[in-house]
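# Chains, contacts and geometry: an overview
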Amino acid sequence: MAKFYSKAETMSREELRKLQEKKALEMVRHAYENSPYYHRKFDEAGIKPGDIKNLDDFFKKVPFTSKHELVSSQREHPPFGEFLAVPREKLRLVFISPGPIFEPYTAKDLESTRKNMAKGLISGGVQEGDIIQITLSYHFMPAGLFAHMAAEETGLCVIPAGTGETRMQIDFMRKLGTKIYAGTPSFLARLAEEAQKMGLDPKKDLNLRIGICGAEPLPPDLRKKLQDIFGIELFDAYGVAELGVMTRECQYHNGMHINEEMYLLEIVDPNTLERVEPGEEGEIVATPFERDALPLLRYRTGDASVLTEEICKCGRTEARILGIRGRVDMLTKVKGVFIHPKQAQDVVSHYPELGRIQIIVERPGDYDEMTILVEGKDPSKFGEWENKLKEEFRQALRIKTNVKMVKVGEIPADARVLEDRRKHYAR
Ligand SMILES: [Zn+2]
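Turning our eyes to something else, we now look at the overall build of the chain. Helix and strand content of the chain: twelve helices and 20 strands. Relative to the 2.2 N^0.38 estimate, which gives 22 Å for 427 residues, the radius of gyration of the chain is 24 Å and therefore close to what a compact globule would have. Restricting to contacts in the chain with at least 6 residues of sequence separation, those with at least 24 account for 63%.

Spelled out as structure tokens, the structure:
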């Protein structure tokens, strides 16, 4: 089977950029001409599709789209909202994603979804005739159905297992010799437990070679654990229900390649909405190129990551994102550095005598100041803790912070973990 699914995977960066430019301009035109929502949005901003002549114009002029806009448009104009850009008789499938948002697909949308997902399977090294067991949902939120279409496209033999039925899943794996698992990491962990309960050794008694994971995070420790238990290689992917699966890993597992012939992916500073340089962290913003029914321009995902354009050893020239670093509403920039509350929580979680934390960011004068409140059980040791934690937080967060110990219960139950009191950062 071919190593690459499409020509675009190994094009030069310039060729790829040209292709993206052409597709981005087409998308702008489609959105403006056919979606009443974008038509009005462009008119209000005083922009015509003709003003967008290249990618620079696109980045400078095309307004961002938020999930909130999509949800409210569907609420006000049910069921599909004013984003809909095709006549209803063109629709061939509708599913629902969290929001709730109705996601309408035309035949063209389904075809590009099939190709997009197939590219992901090929990157994972599937072979023709491999048996793939798809344990994702087939109904209402049909990641399973989409994976199924991709498996057909790549010449695999599908077990359309769907969710649940743990024992039957294992039985099928064993009797049919399933080679490829497609599903969430947490369900794979459940299968391991169940197999062990059934007296099986997942590594010896099952034949899995590859796991295509998605729909939830795959932290390194869980990945290692599952790989050891099953003796398989796991491949992570990242997608958003409204946009599809945009990235997937190759055999080098050094970040996730963006399907750049189908998506224009940008990283922006979530506060200023300025695009940041490769290597800098920010919010993932994406424009899918092949969206017929529901075009979305510069859609804000709310997820944080870092992009790199360094060429990967696999030969693909497509840029990569280096993991998902959390939600942007859970992080903020202090003294130019992104602060993830989870990093601070991880420090504290090692000590049973400590409780909850709250991070307070202020700007009393010209400079940012950060204080982390930490609940402790023994007030006589607060001084000691403050010194110790100051150093540990500095290492974990990469900037200096004040630490203030407080009694357990002093941080209000409904307090935000991260409280940004700087005026211009108010959300
Ligand atoms: Zn690669």
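Ordered in space as β19-β18-β17-β20, the four strands form an open sheet in which the pairing is mixed. Each having just a single partner strand, β19 (402–407) and β20 (418–420) make up the two edges of the open sheet. When the angles between neighbouring strand axes are averaged without regard to direction, this sheet yields 20°. As defined by bridge partners, strand β17 (residues 354–362) adjoins strand β18 (residues 369–376) across seven bridges and the pair is classed as antiparallel. Of the residues in β18, the one forming a bridge with Glu-362 is Glu-369. The sheet strands contacting helix α12 (residues 382–397) are β18 and β19, and the helix crosses β19 at an angle near 140°.

So, on to the nonpolar core. Counting 82 residues, the largest nonpolar core has Ala-147 and Ala-286 as its most contacted members. No other element matches the seven residues that helix α6 (residues 143–153) contributes to this core. Each of two domains, domain 1 (7–111 + 239–330) and domain 2 (124–235), supplies a minimum of three residues to this core. With sequence-adjacent residues up to four places away left out, Ala-147 is seen in contact with Met-117, Ile-134, Leu-136 and Ala-182.

Turning to the sheet that holds strand β8 (residues 237–240), a few remarks are in order. Strands belonging to one sheet form pairs held by backbone hydrogen bonds; the direction of such a pair is parallel or antiparallel. Strand order across the open sheet formed by seven strands is β8-β9-β10-β14-β13-β12-β11, with antiparallel pairing between neighbours. Where the open sheet ends on each side, the last strands, each with one partner, are β8 and β11 (263–268). Summarising the sheet, strand β9 (residues 244–248) and strand β10 (residues 256–258) pair through two bridges and their orientation is antiparallel. In the sheet register, Arg-248 faces β10, and the bridge partner there is His-257. Of the strands in this sheet, β8, β9 and β10 are in contact with helix α5 (residues 107–123), which crosses β9 at around 25°.

With that settled, the discussion passes to the domain arrangement of the chain. As assigned here, the chain comprises domain 1 (7–111 + 239–330), domain 2 (124–235) and domain 3 (332–425). Here the C-alpha centre of domain 3 lies 40 Å away from the C-alpha centre of domain 2.

Quick look at the pairing of β17 now. When a strand is regular, its side chains alternate between the sheet's two faces. Two successive antiparallel strands, β17 and β18, enclose a turn made up of six residues. Relative to β20, β17 is paired through three bridges, and the arrangement is parallel. Bridged to Ile-360 within β20 is Glu-419.

The next thing to look at is the packing of α5 against α6. Taken N-terminus to C-terminus, the directions of α5 and α6 make an angle of 70°; their axes are 8 Å apart at the nearest point. Taken together, the axes of α5 and α6 lie roughly perpendicular to each other. For the pair α5 and α6, the contacting residues are Thr-113, Arg-114, Lys-115, Met-117, Ala-118, Gly-120 and Leu-121 in the first and Phe-146, Ala-147, Met-149, Ala-150, Ala-151 and Glu-153 in the second. Looking at the contact of α5 with α6 residue by residue, the class counts come to eight nonpolar, two polar and three charged.

Parameters and conventions
- Residues numbered from 1 in each chain as written.
- Predicted model: local features only at pLDDT ≥ 70, side-chain atom pairs only at ≥ 80, totals over all residues.
- Helix = DSSP H or I, 4+ residues; strand = E, 2+ residues; numbered from the N terminus.
- Rg over C-alpha atoms; globule rule 2.2 N^0.38 Å.
- Contact = placed C-beta atoms within 7 Å.
- Pairing = 2+ DSSP bridges.
- Axes fitted to C-alpha atoms, helices over the stretch in contact; angles between N-to-C directions.
- Core = buried A, V, L, I, M, F, W, Y, C linked by C-beta atoms within 7 Å.
- Buried ≥ 20, exposed ≤ 12 C-beta atoms within 10 Å, placed from the backbone.
- Domains from an automatic or database assignment.
- Parallel < 35°, antiparallel > 145°, perpendicular 65-115°, else oblique.
- Nonpolar A, V, L, I, M, F, W, Y, C, P; charged D, E, K, R; others polar.

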